[in-house]
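Structural description and commentary
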Amino acid sequence: MEYLVAHGAKAVVAACNSACVAGLDHLRARFPDVPIVGVEPAIKPAQQTTRTRKVGVLATKLTLAGERFAALVDRYGQSVEVLVQPAPGLVELVEAGLTSAEDAEVRRLLEEYVSPLVEQGVD
């Protein structure tokens, strides 16, 4: 952040759920004059569009265990059932450039993580 602010950043986007969980509040307190936008699980738009009233969230264990995620569920998840699914290994595949369901390992993990959510009625 110091580097970005020193080089004239007018705002910063923390485009990682785990980074938001780990340090967004700290960064906002330390840099109160710089808008810092967090990209977090989209519970609010999901609860507005679900037909089954069940919302599934795939995320890292760190994200799901964080107070920030719990606060989002408390704030936006009251009218829906929020089902969470830790997705270990998925981030590593994406970061390695494997983003297609055509890749066997990506497909395997997606099926492993998404199938239980679908079976519980998540749309």
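Here is a short report on the structure shown in this document. (Residues numbered from 1 in each chain as written. Predicted model: local features only at pLDDT ≥ 70, side-chain atom pairs only at ≥ 80, totals over all residues. Heavy atoms only, no water.)

So, about the overall build of the protein. A count of helical and extended segments in the protein gives 7 helices and 4 strands. The N-to-C order of helical and strand elements in the protein reads α-β-α-β-α-β-α-α-β-α-α. Taken across its 123 residues, the protein has 29% of its residues classed as buried. The long-range fraction of contacts in the protein, counting pairs at least 24 apart against all pairs at least 6 apart in sequence, stands at 66%. Split by element, the accessible area of the protein, about 7,900 Å² in all, is 56% carbon and sulfur. (Helix = DSSP H or I, 4+ residues; strand = E, 2+ residues; numbered from the N terminus. Buried < 20%, exposed > 50% of the residue type's maximum accessible area, 1.4 Å probe, protein only. Contact = heavy atoms within 4.5 Å. Areas by Shrake-Rupley, 256 points an atom, 1.4 Å probe, with all protein chains shown as cover.)

Taken together, Leu58, Val114 and Val118 make up a surface patch of nonpolar side chains, about 210 Å² in accessible area. Its location among the elements puts valine 114 in helix H7 (residues 104-119). We classify valine 114 as partly exposed; its relative accessible area is 31%. (Patch = residues over 30% accessible without salt bridge, like charges linked within 9 Å, V, L, I, M, F, W, Y side chains within 5 Å. Salt bridge = Lys/Arg side-chain N within 4 Å of Asp/Glu carboxyl O.)

Before going further, it helps to spend a moment on the environment of serine 115. With respect to the helices, strands and loops of the structure, serine 115 is situated in helix H7. Here serine 115 falls in the partly exposed class, since its relative accessible area comes to 32%. Sequence spacing of serine 115 and glycine 23 is 92 residues, and the spatial spacing of their C-alpha atoms is 32 Å. At a separation of 2.7 Å, a polar atom in the side chain of serine 115 contacts the main-chain carbonyl oxygen of glutamate 111. (Polar contact = N/O pair within 3.5 Å; in protein donor to acceptor, adjacent residues only side chain to side chain.)

On to the pattern of salt bridges, then. Going through the model one piece at a time under the given rule, you end up with 6 salt bridges. With a shortest N-O distance of 2.2 Å, arginine 68 and aspartate 25 are connected by a salt bridge. Within this pair, whereas arginine 68 is found in helix H5 (residues 67-76), its partner aspartate 25 is found in helix H2 (residues 17-30), the two being separated by 43 residues in sequence. Among the ionic pairs, arginine 107 bridges to glutamate 111, the shortest N-O distance being 3.3 Å. On the criterion of helical spacing, the pair formed by arginine 107 and glutamate 111 is a turn pair, its members being 4 residues apart in helix H7.

Among the secondary structure elements, glutamine 85 is positioned in strand E4 (residues 81-86). Glutamine 85 gets classed as buried once you look at its relative accessible area, which sits at 17%. Beyond its immediate sequence surroundings of up to four residues, glutamine 85 is in contact with Val57, Leu58, Ala59, Leu64, Tyr113, Pro116 and Leu117.

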